[in-house]
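Chain by chain, the residues run as shown.
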Amino acid sequence: MPRTEFIATGFHVPERVVTNDDLSRMMETSDEWIAQRSGIRTRHWVSAGETGVSLAREATCRALDRAGMQAADLDCIVYCTCTPDHFEPGNGVFLARELGLSDVPAIDVRNQCSGFVYGLSVADAWIRTGQYRRVLLVGAEVHSRGLDRTTRGRDTAVLFGDGAGVAILGPTDDLQRGVLTTHLYADGRHAEKLWVDAPGLAHDPFISEELIRAGKHRAVMDGRDVFKYASVLMPQSIATALKQNGLTPADVKLLVPHQANLRIIEMVQKAAGLRDDQVYVNIQKYGNTTAASIPIALHEALDEGRLARGDLLVLTAFGSGFTWASAAVRW
Ligand code: UT7
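Residues numbered from 1 in each chain as written. Predicted model: local features only at pLDDT ≥ 70, side-chain atom pairs only at ≥ 80, totals over all residues. Heavy atoms only, no water.

Moving on: the environment of Arg-149. For Arg-149, the position within the fold is in the loop between β6 (135-141) and α6 (154-157). Between the alpha carbons of Arg-149 and Met-26 there is a distance of 6.4 Å; along the sequence they are 123 residues apart. Not counting the four nearest positions on each side in its chain, Arg-149 is found in contact with Met-26, Met-27, Trp-45 and Ser-144. Separated by 3.0 Å, the side chain of Arg-149 and the backbone oxygen of Ser-144 make a polar contact. (Helix = DSSP H or I, 4+ residues; strand = E, 2+ residues; numbered from the N terminus. Contact = heavy atoms within 4.5 Å. Polar contact = N/O pair within 3.5 Å; in protein donor to acceptor, adjacent residues only side chain to side chain.)

Once that is clear, we can look at the sheet that holds strand β7 (residues 163-172). Taken in spatial order, the five strands line up as β1-β7-β6-β4-β5 in an open sheet, and their pairing is mixed. Both edges of this open sheet fall to β1 (3-12) and β5 (106-109), since each of them pairs with a single strand only. Ignoring strand direction, the axes of neighbouring strands in this sheet form an average angle of 20°. Looking at chain direction, strand β4 (residues 76-80) and β6 are connected through five bridges and run parallel. Looking at the pairing, Tyr-79 lines up with Val-138 of β6. (Pairing = 2+ DSSP bridges. Axes fitted to C-alpha atoms, helices over the stretch in contact; angles between N-to-C directions.)

Turning our attention to the packing of aromatic side chains. Scanning all chains against the criterion turns up eight aromatic pairs. Both rings, one in Phe-6 and one in Trp-331, keep their centres 5.2 Å apart while their planes meet at 35°; by these two values the pair is tilted. Placement of the pair is Phe-6 in strand β1 and Trp-331 in the segment after β13 (323-330), with a sequence separation of 325 residues. As far as the burial class goes, Phe-6 and Trp-331 line up, both buried. When the centroid spacing of 6.0 Å and the interplanar angle of 75° are considered together, the rings of Phe-11 and Tyr-286 count as edge-to-face. Separated by 275 residues along the polypeptide, Phe-11 in strand β1 and Tyr-286 in helix α10 (residues 283-286) bring together distant segments of the chain. With relative accessibility at 9%, the residue Phe-11 sits in the buried group. Ring-pair connections join several aromatic residues into one group, and the members of that group are Tyr-185, Tyr-229, Phe-318, Phe-322 and Trp-324. (Phe/Tyr/Trp six-rings, centres within 6.5 Å; stacked < 30°, edge-to-face > 60°. Buried < 20%, exposed > 50% of the residue type's maximum accessible area, 1.4 Å probe, protein only.)

Our next topic: the domain arrangement of the protein chain. According to the domain assignment, the protein chain contains domain 1 (3-172) and domain 2 (178-330). Measuring from the centre of the C-alpha atoms in domain 1 to the corresponding centre in domain 2 gives 14 Å. Taken residue by residue, the interface counts 53 residues in domain 1 and 47 residues in domain 2. Taking both partners together, domain 1 and domain 2 bury about 4000 Å²; carbon and sulfur atoms supply 62% of that area. (Domains from an automatic or database assignment. Buried area = accessible area lost by both parts, 1.4 Å probe.)

Moving on to a nonpolar patch on the surface. Together, Phe-87, Leu-201, Phe-206, Ile-207 and Ile-212 make up a nonpolar patch on the protein surface, roughly 490 Å² of accessible area in all. The residue Phe-206 is located in the loop between β9 (194-195) and α7 (209-213) in this model. (Patch = residues over 30% accessible without salt bridge, like charges linked within 9 Å, V, L, I, M, F, W, Y side chains within 5 Å. Areas by Shrake-Rupley, 256 points an atom, 1.4 Å probe, with all protein chains shown as cover. Salt bridge = Lys/Arg side-chain N within 4 Å of Asp/Glu carboxyl O.)

Here we take up the pattern of salt bridges. Throughout the structure, instances matching the rule amount to 14 salt bridges. Here Asp-277 ties to Arg-275 by a salt bridge, and the two come within 2.8 Å at their closest N and O atoms. Taking relative accessible area as the criterion, Arg-275 reaches 48% and is therefore assigned partly exposed. Residue Glu-300 is joined to Lys-285 by a salt bridge in which the shortest nitrogen-to-oxygen separation is 3.0 Å. Linking Glu-300 in helix α11 (residues 293-303) with Lys-285 in helix α10, this pair joins segments that are 15 residues apart in sequence. Note on Glu-300: relative accessible area 10%, which makes it buried. Since its relative accessible area comes to 32%, Lys-285 is described here as partly exposed. One salt-bridge network, held together by shared partners, links Arg-57, Glu-58 and Glu-98.

With that settled, the discussion passes to the sheet that holds strand β12 (residues 312-319). Pairing in this open sheet of four strands is mixed, and the strands run β8-β13-β12-β11 from one edge to the other. Among the strands making up the open sheet, the edge pair consists of β8 (178-186) and β11 (254-257). The average angle at which neighbouring strand axes cross in this sheet is 15°, direction not considered. Contacting β11 and β12, α11 crosses the sheet at an angle of about 145° to β11.

Here we come to α11. Each α-helix turn comprises 3.6 residues. Residues three or four places apart therefore point the same way. In terms of residue burial, α11 counts as a mostly covered element, since nine of its eleven residues are buried. Every buried residue belonging to α11 is among Ser-293, Ile-294, Pro-295, Ile-296, Ala-297, Leu-298, His-299, Glu-300 and Ala-301, and all of these are buried. Once α11 finishes, Gly-305 follows within two positions and takes phi at roughly 70°, a positive value.

Turning next to helix α8 (residues 223-244). Over its 22 residues, α8 runs 31 Å from end to end, which matches the ideal 32 Å to within 8%, given 1.5 Å per residue. Every buried residue of α8 is listed here: Asp-225, Val-226, Phe-227, Ala-230, Ser-231, Leu-233, Met-234, Pro-235, Ser-237, Ile-238, Ala-241 and Leu-242. Downstream of α8 by one or two residues, Gly-246 has phi in the positive range, about 65°. (Expected span 1.5 Å × (residues − 1).)

Here is the structure:
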């Protein structure tokens, strides 16, 4: 069986930059509060005409360019998002259409902040078994249009940003390299600790003025609990990934964690026994872009020369569900 390697990555964020000071003109908050609690300084928000799929298309074009490939070379799309353009069908088919593809499968993965690592696990299994050879793995989100940009929604509105990151994956016969293992977890007992209740078919009707008036279409979060579990469960899943491959923290060249909160990343780093230079952070620029955060960070890390052939890369994520995941990759 071959292993799965990263052929190329790409990312795209909207042009519009929103600073903490911009937010403090919309709601009662401050640059100091946001920076101190989360490490975030700016995030990008879409403008009229931009959608999750349009961001994903731009990111895909960059990755295809780097890979020296055409869209027609792709065999499959795995599209991870918790902010789809429409209720149905999933964004994957819209992206396929944008890319001029009408004969490849497209699956949507809805695992929020863990989406990209879950998607990687799916793509890896398909590539190793030979079902698909060239898989486009997408993490793309438009949060800004869903945020409550008033003081009522400030605990979440200041955290999330828009953006897209992709990876083109394919098989390699070099069994020393590529995706070594992926580790996926979920605990639905915490489902309502970070969720968007409606629209949803548990409600009849599934959307109504009443639901909207009650703010049920907004993300609601128990920030403290999310923080608490994230800082414990991500290091645990990193430790599992290392142990399963007979590796130790000293072997890690780079950890690219989901970028949710700088304080969470610092706690994960400490619990995982990693030095500053072993952890990649770019949350200050983009905020939390959920499924897009890892591929955007990975792309920037590669551009900065933080990973070379043979280096050990570890990915980890945690989010709504709760779901969490890790992956060990020999670059
Ligand atoms: O990928 C997973 C996605 N989510 C996360 O990772 C979030 C994890 N949680 C967190 O990052 C943190 O819990 C937050 C950054 C969301 C909040 O930090 P905290 O230190 O846990 O603050 P808190 O929720 O305990 O709130 C402290 C105070 C409250 O005021 P009172 O009740 O003490 O008077 C909040 O109302 O801060 C207030 N507050 C704000 N103040 C200014 C909440 N949001 C804001 C805001 N600006 N944006």
